[in-house]
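Listed here are the chains, written in short residue letters.
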Amino acid sequence: MATCPRGCAPAVRLCQRLNRLKTLDDDMMATSLKRCLSTLDLTLMGVGGMVGSGLYVLTGTVAKDTAGPAVIISFLFAGIASLLAAFCYAEFGARIPKTGSAYMFTYVSVGEVWAFLIGWNVILENMIGGAAVARAWSGYLDSIFNHAIQNFTETHIMQWHVPFLAHYPDLLAAGILVVASFFISFGVQVSSYLNHIFSLISMGVIVFILVFGFMLAEPANWSQEQGGFAPFGMSGILAGSATCFYAFVGFDVIASSSEEAKNPQKAVPIATAISLALAATAYVLVSTVLTLMVPWRTLDPNSALADAFFRRGYSWAGVVVAVGSICAMNTVLLCNLFSLPRIVYAMAEDGLFFSIFARVNPITKVPVNAILVFGILMATMALIFDLEALVQFLSIGTLLAYTFVAASVIVLRFQPEKTSESQTITEDSEEPKQYESFSDKLQLVERQKSKEPRGVGQLKACWEPYLDRLLGDCEPGEVVAFCVLTLIVSSVSLCVVLEFGNKQLQLPVWSFTMLLVIFSLAYIVSLALIWVHEPQKNNKTFQVPLVPLTPGASILFNVFLMMKLSLLTWIRFTVWIAIGLFVYFGYGIWHSKEGIRELQPKDMAARYVVLPSGSLVETVQSIQPEGQVDSSAHHITASTASTAEENTGKR
């Protein structure tokens with residue numbers, strides 16, 4: 001076997017450290033947090049995270065500028081695309097009921113550095129998202145009072161004209177974030193009660209809008225005289241779907257809360273499905289009402305619903321809509337402030353982020369340090385920054401997290417579970433030594449000889465005659481992991497050609513067509529090769545249906561939307577990733593608990609080697625910390641070896 005030259009050994013060890021996986025505890029339900037959330041609590045959190053200010057603003061904007069009344073179809077397409085990602089989050093949340101969401105899911109299946117970068121992006125995403133919602137909340141309330149708050153601040157406090165900064169300090173937005181952080185620090189039940197109140201008021205207002213709106217509906221607003229149902233065609237519907245997709249990004253708060261759920265195996269999938277269905281129904285019905293009440297060309301993008309009622313002569317209904325909008329923004333704010341500290345806590349608990357954020361208050365059972373520190377940071381951003389230029393950055397972090405979670409589902413589904421085949425023997429030294437079962441090894445050799453059906457991550461029995469010679473020698477799950485990488489690369493390449501091939505790259509028709517065919521085939525072949533392997537069959541928790549097709553489609557859709565983002569967004573993303581790598585290599589890699597676990601001395605391990613002659617030789621080897629030379633390997637007594645040979649001969 002080829003060995004690595006001594007000069008490349010440090011690089012190999014570094015790659016191993018970067019890609020080490022998180023070791024999960026045997027008791028998945030054990031936690032220092034408080035498990036008190038029911039299915040209803042998680043459902044209302046999911047609804048609160050998705051049905052926010054977008055219901056009152058996004059519907060009018062997409063209808064007027066992008067899709068017309070066909071915004072209904074756009075929301076349906078966006079809901080289906082979000083369902084693909086939600087399935088992946090639901091499986092992980094039920095299977096691994098730990099806080100951290102996409103960060104945790106990536107850590108247990110892909111590797112440490114990738115998990116850190118996902119968590120790092122989710123942190124920024126939640127901070128910008130919370131600050132943006134707080135400023136929208138402040139601006140909406142200020143508009144009700146005819147901008148009296150803004151005028152008072154600019155006249156009597158201060159204003160400035162600096163690029164990327166707001167024209168005046170938004171004290172109201174910063175104040176609401178500080179107050180919300182203060183309430184959330186009292187415990188998860190207080191956060192849940194507040195979310196219940198605001199969500200129920202918001203849903204009550206939505207019911208009012210639907211009932212009263214359908215009473216005022218005029219089907220003529222969808223007629224050809226007004227432009228028809230889909231004035232922008234299929235291209236407008238698809239473009240609207242890409243925008244509407246971001247209305248559903250709040251469902252990951254359910255997975256982030258799985259460590260505080262009473263029964264996450266059942267509650268997380270059920271809450272995810274119900275909340276996504278309720279959110280999609282609300283968006284579709286409100287869009288229907290809005291475009292039937294007034295002609296879509298005359299919609300006010302900033303306050304479409306309130307303006308529609310005002311123009312129909314019911315200005316008092318605008319007050320009800322304003323109450324619903326503020327309550328909806330409160331729920332989104334609470335979900336951001338709820339998710340962010342728990343992701344920081346999960347990273348700190350694993351040693352990848354500063355340990356001060358891993359401390360949990362013994363009374364409230366929440367990470368108070370993370371809540372208060374990042375709540376204040378979020379308030380500072382809302383106070384001084386002009387977030388309009390940064391809001392688009394939100395989408396790239398979300399889409400990247402969705403992509404990695406979908407890839408993690410495939411990897412983990414075809415990865416053999418780590419089962420213990422060892423037994424502990426105590427000798428005179430009273431030190432436990434681990435020995436793999438000798439009989440199990442003999443059974444494994446016999447099974448391989450008789451070509452019995454293979455286990456998880458290996459070829460299915462029906463495909464062995466055709467692909468065994470090509471793929472049979474690979475380790476279980478190895479081919480799948482390579483195919484997932486190929487799947488992501490082919491998805492990126494395919495989307496780049498589709499998005500930039502004709503315009504920016506100016507490819508000839510034959511070249512454009514050939515590249516599409518090549519990358520499409522690579523994508524399809526990768527899915528097919530994954531499918532011919534044996535998956536895990538787990539009936540205890542929810543599993544994503546139609547794997548690898550469902551997560552594969554989610555990866556392709558997420559990558560396509562990422563290609564739609566501006567160059568400036570990618571530049572900001574690169575800068576933030578560079579800062580994250582500085583933090584990881586400066587702190588995380590040295591304090592990682594997985595790294596510390598690797599350095600701990602390990603027990604003796606027995607291995608059985610099949611020689612060409614067919615005999616078995618048993619060796620014992622002590623596993624030393626990485627980087628140390630292991631010189632303790634030795635053969636067991638001759639009688640053990642000869643016994644192994646005799647057993648093999650008999651078999």
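The protein chain is annotated in an unreviewed UniProt entry as Solute carrier family 7 member 4 from Stegastes partitus. The UniProt entry for the protein chain carries this comment under Subcellular location (unreviewed entry): "Membrane".

Q: Explain the overall build of the protein chain to me, please; I cannot follow it from the model alone.
A: Counting its secondary structure elements, the protein chain contains 24 helices and five strands. Burial analysis of the protein chain (651 residues in total) assigns 50% to the buried set. Within the protein chain, counting contacts between residues at least 6 apart in sequence, those at least 24 apart form 79% of the total.

Q: Whenever I open this one, the packing of helix α2 (residues 39–50) against helix α12 (residues 264–293) confuses me. Can you help?
A: For any two helices packed against each other, one specifies the crossing angle of their axes together with the interaxial distance. α12 packs onto α2 with a crossing angle of 35 degrees between their chain directions and a minimal axis gap of 8 Å. Here α2 runs over α12; the crossing is right-handed. In contact with Thr-39, Leu-42, Thr-43, Gly-46, Val-47 and Met-50 of α2, α12 contributes Ala-267, Val-268, Ile-270, Ala-271, Ile-274, Ser-275, Leu-276, Leu-278, Ala-279 and Tyr-283. Considered class by class, the residues forming the contact of α2 with α12 number 12 nonpolar, four polar and no charged.

Q: Even after reading the chapter, I still don't get the pattern of salt bridges, so can you show me in this structure?
A: Overall, the coordinates contain 11 salt bridges when judged by the stated rule. Put simply, Glu-112 and Arg-20 hold a salt bridge, and the shortest N to O gap is 2.9 Å. Within this pair, whereas Glu-112 is found in helix α6 (residues 112–144), its partner Arg-20 is found in the loop between α1 (9–18) and α2, the two being separated by 92 residues in sequence. Judged by relative accessible area, Glu-112 falls into the buried class, the value being 0%. Close ionic contact of Glu-218 with Arg-312 constitutes a salt bridge, the shortest N to O distance being 3.3 Å. Taken together, the residues Glu-218 in the loop between α9 (188–215) and α10 (233–244) and Arg-312 in the loop between α13 (304–311) and α14 (316–349) connect sequence positions 94 residues apart. Residues participating in the shared-partner salt-bridge network are Arg-20, Glu-112 and Glu-598.

Q: Please clarify how unusual backbone geometry should be interpreted in this entry.
A: Most of the time, phi is negative for any residue but glycine, and the peptide bond is trans. The omega torsion of the bond from Val-547 to Pro-548 falls at 15 degrees, within 30 degrees of zero and hence cis. Looking at the element boundaries, Pro-548 is found in the loop between α20 (509–531) and α21 (549–563). Look at Ser-101: it is not a glycine, yet its phi comes out positive at around 50 degrees. Structurally, Ser-101 can be placed in the loop between α4 (71–95) and α5 (102–109). For Ser-101, a relative accessible area of 3% puts it in the buried group. Despite not being glycine, Leu-546 has its phi angle at roughly 55 degrees, a positive value. For Leu-546, the position within the fold is in the loop between α20 and α21.

Q: Please clarify how helix α8 (residues 171–184) should be interpreted in this entry.
A: Spacing of three or four residues puts side chains on the same side of an α-helix, whose turn is 3.6 residues. The end-to-end C-alpha distance of α8, which contains 14 residues, comes to 20 Å, matching closely the 20 Å that a straight helix rising 1.5 Å per residue would cover. The complete set of buried residues in α8 reads Ala-173, Ala-174, Ile-176, Leu-177, Ala-180, Ser-181 and Ile-184. Buried residues of α8 fall within an arc of 160 degrees about the axis and therefore sit on the same side. Among the structural elements, α6, α9, α14 and α15 (368–384) are those in contact with the buried residues of α8.

Q: Explain the environment of Gly-375 to me, please; I cannot follow it from the model alone.
A: Within the secondary structure layout, Gly-375 lies in helix α15. Separated by 198 residues in the primary sequence, Gly-375 and Leu-177 place their C-alpha atoms 6.5 Å from one another. Residue contacts for Gly-375: discarding those within four places in its chain leaves Ser-181, Leu-337 and Ala-370.

Q: Help me understand the confidence of the model for the protein chain in this model?
A: Averaged over every residue, the pLDDT of the protein chain is 82; residues scoring 70 or more account for 84%. Averaged pLDDT values for the elements of the protein chain fall to 36 in strand β1 (residues 422–426) and rise to 94 in α20. A low-confidence stretch, residues 419–452 stays under pLDDT 50, and its non-local contacts, those more than four residues away or across chains, total 51 contacts. In this model, residues 622–651 is a region of pLDDT below 50 whose contacts with residues beyond four sequence positions or in other chains number 44 contacts.

Q: Got a minute to help me understand the nonpolar core in this structure?
A: The tendency in soluble globular proteins is for nonpolar side chains to be buried as a group. Within the largest apolar cluster, 153 residues are counted, with the highest numbers of intra-cluster contacts made by Tyr-56, Tyr-89, Phe-248 and Phe-353. Of all the elements, α6 adds the most residues to this core, at 17 residues. Here Phe-353 is in contact with Trp-120, Val-344, Met-347, Ala-348, Phe-374, Val-583 and Tyr-587, once residues within four sequence places are set aside. Cys-36, Leu-37, Ile-254 and Cys-335 belong to the second-largest nonpolar core, a separate cluster that totals 13 residues.

Q: Would you take a moment to explain the packing of aromatic side chains for this structure?
A: When we look at a pair of aromatic rings, we describe it by the centre distance and by the angle of the planes. All told, the structure shown has 37 aromatic pairs when counted by the stated rule. Geometrically, the ring pair formed by Phe-208 and Trp-316 is tilted, given 6.0 Å between the ring centres and 55 degrees between the ring planes. Taken together, the residues span a long stretch of sequence, with Phe-208 in helix α9 and Trp-316 in helix α14 at a distance of 108 residues. Between Phe-212 and Tyr-314, the aromatic rings sit 4.9 Å apart at their centres with planes inclined by 80 degrees, giving edge-to-face as the arrangement. A residue pair is termed long-range when its members are at least 10 positions apart, and Phe-212 in helix α9 and Tyr-314 in the loop between α13 and α14 qualify at 102 residues. Grouping aromatic residues by their ring pairs yields a cluster made of Phe-116, Trp-120, Phe-353, Phe-354, Phe-357, Phe-374, Trp-576, Tyr-584, Phe-585 and Tyr-587. Here the guanidinium or amino end of Arg-342 rests over the ring plane of Phe-338, the centre of that ring lying 3.8 Å away. Above the face of the Trp-531 ring, Lys-460 is positioned so that its terminal group lies 4.4 Å from the ring centre.

Q: Sorry if this is basic, but what is going on with the side chain of Lys-22 here?
A: With respect to the helices and strands, Lys-22 occurs in the loop between α1 and α2. By relative accessible area, Lys-22 is classed as buried at 18%. Among the polar contacts listed, one links the side chain of Lys-22 to the side chain of Asp-350, at a separation of 2.6 Å. With sequence-adjacent residues up to four places away left out, Lys-22 is seen in contact with Met-104, Tyr-107, Val-108, Asp-350 and Glu-594.

What counts, and at which threshold
- Residues numbered from 1 in each chain as written.
- Predicted model: local features only at pLDDT ≥ 70, side-chain atom pairs only at ≥ 80, totals over all residues.
- Heavy atoms only, no water.
- UniProt positions renumbered as here; feature names shortened; annotations may be inferred.
- Helix = DSSP H or I, 4+ residues; strand = E, 2+ residues; numbered from the N terminus.
- Buried < 20%, exposed > 50% of the residue type's maximum accessible area, 1.4 Å probe, protein only.
- Contact = heavy atoms within 4.5 Å.
- Axes fitted to C-alpha atoms, helices over the stretch in contact; angles between N-to-C directions.
- Left-handed = near helix turned anticlockwise from the far one by under 90°.
- Nonpolar A, V, L, I, M, F, W, Y, C, P; charged D, E, K, R; others polar.
- Salt bridge = Lys/Arg side-chain N within 4 Å of Asp/Glu carboxyl O.
- Expected span 1.5 Å × (residues − 1).
- Arc of directions from axis to C-beta.
- pLDDT = per-residue confidence, 0-100.
- Core = buried A, V, L, I, M, F, W, Y, C linked by side-chain atoms within 4.5 Å.
- Phe/Tyr/Trp six-rings, centres within 6.5 Å; stacked < 30°, edge-to-face > 60°.
- Lys NZ or Arg CZ within 6 Å of the ring centre and 35° of its normal.
- Polar contact = N/O pair within 3.5 Å; in protein donor to acceptor, adjacent residues only side chain to side chain.

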